[in-house]
Amino acid sequence: LKQSLARNRLPRPRGALCTRRSPVAMARGPKKHLKRMFAPSHWMLDKLKGRWAPMPSAGPHKLRECLPLIVMLRERLKYALTYREVKMIVMQ
C-alpha cells in the first residue's frame, strides 16, 4: 500500500518553495492581543472576568504606562458594559 501511494505522489519540482512554516519563524509585527493575566496591575482588572484584556495603542509612549480608554470608561467609571458601547461613547 505504501509503495502504491508513493508512486501516485507527484514529485516536487526543484527550487520550489516549501509552503509550510518553519518552526523557527518569527511573528510578523507587534502583538495584537493581550491576555488579562499579563495586563498591568494598575489597570485593576478582575482576573476571572474573562480571558482577554483590551490591547492599548500607546503610540510613542510605553505600553506599560498607558491606560486604554476602554478600561477607564467600562471598568472604572461603569459608563458602558461592552467594548462596542465604549466605542459609541468615544465617537459621539
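About the criteria used
Residues numbered from 1 in each chain as written. Predicted model: local features only at pLDDT ≥ 70, side-chain atom pairs only at ≥ 80, totals over all residues. Heavy atoms only, no water. Helix = DSSP H or I, 4+ residues; strand = E, 2+ residues; numbered from the N terminus. Buried < 20%, exposed > 50% of the residue type's maximum accessible area, 1.4 Å probe, protein only. Areas by Shrake-Rupley, 256 points an atom, 1.4 Å probe, with all protein chains shown as cover. Core = buried A, V, L, I, M, F, W, Y, C linked by side-chain atoms within 4.5 Å. Contact = heavy atoms within 4.5 Å. Axes fitted to C-alpha atoms, helices over the stretch in contact; angles between N-to-C directions. Parallel < 35°, antiparallel > 145°, perpendicular 65-115°, else oblique. Left-handed = near helix turned anticlockwise from the far one by under 90°. Salt bridge = Lys/Arg side-chain N within 4 Å of Asp/Glu carboxyl O. pLDDT = per-residue confidence, 0-100. Patch = residues over 30% accessible without salt bridge, like charges linked within 9 Å, V, L, I, M, F, W, Y side chains within 5 Å.

(A) The arrangement of the overall build of the chain in detail. Within the chain, the regular secondary structure consists of three helices and two strands. In the chain, the succession of α and β elements from N to C terminus is α-β-β-α-α. Within the chain, buried positions represent 21% of all 92 residues. Total accessible area on the chain is roughly 9100 Å²; 58% of this is exposed by carbon and sulfur atoms.

(B) Just the nonpolar core, in detail. The biggest cluster of nonpolar side chains holds ten residues, and these are Leu 34, Ala 39, Trp 43, Leu 45, Ala 53, Ile 70, Val 71, Leu 73, Ala 80 and Val 86. Broken down by element, this core gets its largest block of residues, three residues, from helix α2 (residues 69–76). Contacts of Leu 73, omitting those with residues within four sequence positions, involve Lys 78, Tyr 79, Ala 80, Val 86, Ile 89 and Val 90.

(C) Expanded view of the packing of α2 against helix α3 (residues 83–91). Direction vectors running N to C along α2 and α3 enclose 110°, while the axes themselves pass 10 Å from each other. Considered as vectors, α2 and α3 are oriented roughly perpendicular to each other. Read as a crossing pair, α2 and α3 show a hand that is right-handed. Contacts from Leu 69, Ile 70, Leu 73 and Arg 74 in α2 reach Tyr 83, Val 86, Ile 89 and Val 90 in α3.

(D) Layout of the pattern of salt bridges. For the structure shown, the criterion picks out two salt bridges. Put simply, Glu 75 and Lys 49 hold a salt bridge, and the shortest N to O gap is 3.5 Å. Of the two residues, Glu 75 is situated in helix α2 and Lys 49 in the loop between β1 (34–35) and β2 (52–53); the sequence distance between them amounts to 26 residues. According to the relative accessible area criterion, Glu 75 is buried, its value standing at 12%. Of the charged contacts in the structure, one is a salt bridge between Glu 75 and Arg 74, with a shortest N-O distance of 3.0 Å. As far as the burial class goes, Glu 75 and Arg 74 line up, both buried.

(E) Broad picture of the confidence of the model for the chain. Residues at a pLDDT of 70 or more form 72% of the chain, whose mean pLDDT is 82. Across the chain, the secondary-structure element scoring lowest on mean pLDDT is helix α1 (residues 2–8), at 59, and the one scoring highest is α3, at 95.

(F) Representation of a nonpolar patch on the surface in the model. A surface patch of nonpolar side chains, amounting to about 480 Å² of accessible area, comprises Leu 69, Leu 77, Tyr 79, Ile 89 and Val 90. Tracing the backbone shows Ile 89 in helix α3.

(G) Representation of the environment of Pro 40 in the model. Topologically, Pro 40 is positioned in the loop between β1 and β2. Looking at Pro 40, the relative accessible area reads 9%, which means it is buried. Sequence separation between Pro 40 and Glu 65 is 25 residues, and the spatial gap between their C-alpha atoms is 8.3 Å.

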